[in-house]
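Structural overview for review
So you can see what is in the structure, the chains are spelled out below.
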Amino acid sequence: MSEPLVLGIETSCDETGVGIVRGTTLLVDEVASSVSEHARFGGVVPEVASRAHLEAMIPTIERACQKAGVKLNDIDALAVTSGPGLAGALLVGVASAKALAVGLGKPIYGVNHLAAHVCVDQLEHGYLDQPSIALLVSGGHSSLLLVPDVTGEITPLGQTIDDAAGEAFDKVARVLGLPFPGGPFIDAAAKEGDKTAIDFPRGLTAPKDLLKHRFDFSFSGLKTAVARWVELETKNGNEVIVNNVAASFQEAVVDVLLRKAIDACLSNDVNTLVIGGGVAANSRLRQVATERCADNKITLRIPRPGLCTDNGAMVAALGSELVRQGRTASPIDFGTNSSMDIRTVIEK
Ligand code: KG4
Ligand code: ZN
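Presented here is an overview of the structure given in this document. (Residues numbered from 1 in each chain as written. Chains lettered and ligands numbered in written order. Predicted model: local features only at pLDDT ≥ 70, side-chain atom pairs only at ≥ 80, totals over all residues. Heavy atoms only, no water.)

1. A word on the packing of aromatic side chains
Here the structure, examined in full by the defined rule, presents 2 aromatic pairs. Ring centres of Phe-169 and Phe-249 lie 5.1 Å apart, and the angle between their planes is 75°; on these two criteria the pair is classed as edge-to-face. Highlighted residues: Phe-169 in helix α6 (residues 165–175) and Phe-249 in helix α10 (residues 242–267), separated in sequence by 80 residues. Residue Phe-169 shares its accessibility class with Phe-249, and that shared class is buried. The ring of Phe-334 has Lys-98 sitting right over it, with the charged end atom 4.7 Å from the ring centre. (Phe/Tyr/Trp six-rings, centres within 6.5 Å; stacked < 30°, edge-to-face > 60°. Helix = DSSP H or I, 4+ residues; strand = E, 2+ residues; numbered from the N terminus. Buried < 20%, exposed > 50% of the residue type's maximum accessible area, 1.4 Å probe, protein only. Lys NZ or Arg CZ within 6 Å of the ring centre and 35° of its normal.)

2. Concerning the coordination of the zinc ion (ligand 2)
Those donors, His-113 (NE2), His-117 (NE2) and Asp-310 (OD), are the protein atoms that reach the zinc ion (ligand 2), and they lie 2.0 to 2.1 Å from it. The sequence pattern formed by the donor residues of the zinc ion (ligand 2) is H-x3-H-x192-D. Of this pair, His-113 and His-117 are both found in helix α4 (residues 113–119), 4 residues apart, which corresponds to roughly one turn of the helix. Judged on exposure class, the residue His-113 and its partner His-117 are both buried. (Donors = N, O, S within 2.8 Å, 3.2 Å for Na, K, Ca; no water.)

3. A word on the side chain of Lys-98
Looking at the element boundaries, Lys-98 is found in helix α3 (residues 87–104). For the buried Lys-98, no salt bridge exists, and the shortest N-O distance to an oppositely charged side chain is 6.5 Å, to Asp-333. (Lys, Arg positive; Asp, Glu negative; His and termini not counted. Salt bridge = Lys/Arg side-chain N within 4 Å of Asp/Glu carboxyl O.)

4. A short note on the sheet that holds strand β5 (residues 108–112)
Strand pairing in a sheet is mediated by backbone hydrogen bonds. Such pairs are either parallel or antiparallel. The strand order β3-β2-β1-β4-β5 describes an open sheet built from 5 strands, whose pairing is mixed. Two strands in the sheet have a free side with no partner beyond their single neighbour: β3 (25–33) and β5. Each strand of the sheet is rotated relative to its neighbour by a mean of 20°, with strand direction disregarded. Direction of pairing for strand β2 (residues 15–22) relative to β3: antiparallel, over a ladder of 8 bridges. Looking across to β3, one finds that Thr-16 is bridged to Ala-32. Where helix α2 (residues 46–68) meets the sheet, it contacts β1 (5–10), β2 and β3, and its direction lies at approximately 25° from that of β2. Here helix α13 (residues 312–324) sits on the sheet in contact with β1, β2, β3, β4 (77–83) and β5, set at roughly 135° to β1. (Pairing = 2+ DSSP bridges. Axes fitted to C-alpha atoms, helices over the stretch in contact; angles between N-to-C directions. Contact = heavy atoms within 4.5 Å.)

5. A closer look at the site of ligand 1
As a matter of local geometry, ligand 1 sits amid 20 residues, with Gly-139, Asp-170, Asp-187, Gly-278 and Asp-310 nearest to it. In the model, an oxygen atom of ligand 1 is placed 3.0 Å from a nitrogen or oxygen of the Asp-310 main chain. Burial of ligand 1 by the protein amounts to 89% of the accessible area it has alone, namely 560 Å². Elements represented by at least two residues in the shell around ligand 1 include exactly α4, α6 and α7 (182–191). Looking at the shell around ligand 1, the element that brings in the most residues is α7, giving 4 residues. A per-class count over the shell around ligand 1 returns 5 nonpolar, 12 polar and 3 charged. (Near = heavy atom within 4 Å. Polar contact = N/O pair within 3.5 Å; in protein donor to acceptor, adjacent residues only side chain to side chain. Areas by Shrake-Rupley, 256 points an atom, 1.4 Å probe, with all protein chains shown as cover. Nonpolar A, V, L, I, M, F, W, Y, C, P; charged D, E, K, R; others polar.)

Any functional reading would require information beyond the geometric quantities listed.
Below you can see the structure in the form of structure tokens.
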């Protein structure tokens, strides 16, 4: 029997994503982003995102099916992000996926967006090692997770106590006059800068902080330190070299994320680190992760950048894994959950 064909829908933020996978083979990953509509506000506007999802949903599904050469009737199961995310945006995806499930008479899985960010790597590097440590870094979340089984058992080891890593990139970009979302622009600017130019603070890495927050992150102090530094230099009439600030800031984020991720692997005796979420697209994070994992004999798995940022393929990947593991589908009356906990992988 051939592997199941699963269609995944993602609408938790500003990307309308529709992905289709067969088993762990990616057939198509269609994304319609409303990011340009939010840029002038410096952040995602929930109502604008919901409306954009509504407009993009049917054309994106049609494009995905056409490109994959798949008819809706061929789909064996549907998966959709039910949380966490923006309530109105999630509703559009969940309502659309449910309509398809009912119309086609197929099972539907309401899944956790964060678990999907971890599971997407299966499309590139095969089944996840059990257990793995996952470093999840996106615009809304930064966590370290112990993942014995991505379909049912995820234990949070630590998370950000203030800003998420991506949020810090976006806020610092704003301070530096770079466009939204800031991550890719800081990444590009940093390539031309000196990462040792400014010694920015590494949050929650002092011995006294480690006692209580060994695997937690804090980026709010770093963001403030960058803003103060820029303010002071400007006041003193010095030229602010944006590339140097970007590179030094990025180095501080990358250093802390990886120090803690490697510590989580070593202290839990886990040999595989998987990194997911939008910030995992960062070129310096990928480079330093490769070096430090090699030094510590840890297998590193990071999907290609296009699969790190929000997309439908990651949701389809998790749906497909749930089918493979024989997990029961969600009841059709499951709701959206904007603050869905990582310990809940699927709506029951
Ligand atoms: O996972 P994602 O697409 O959406 C959320 O679930 O939040 O992550 C978006 C975040 C944004 O904050 C964006 O600035 C950041 O990922 N990001 C990056 C890069 N590409 C996207 N951050 C650093 N470097 C990048 N290359
Ligand atoms: Zn995400």
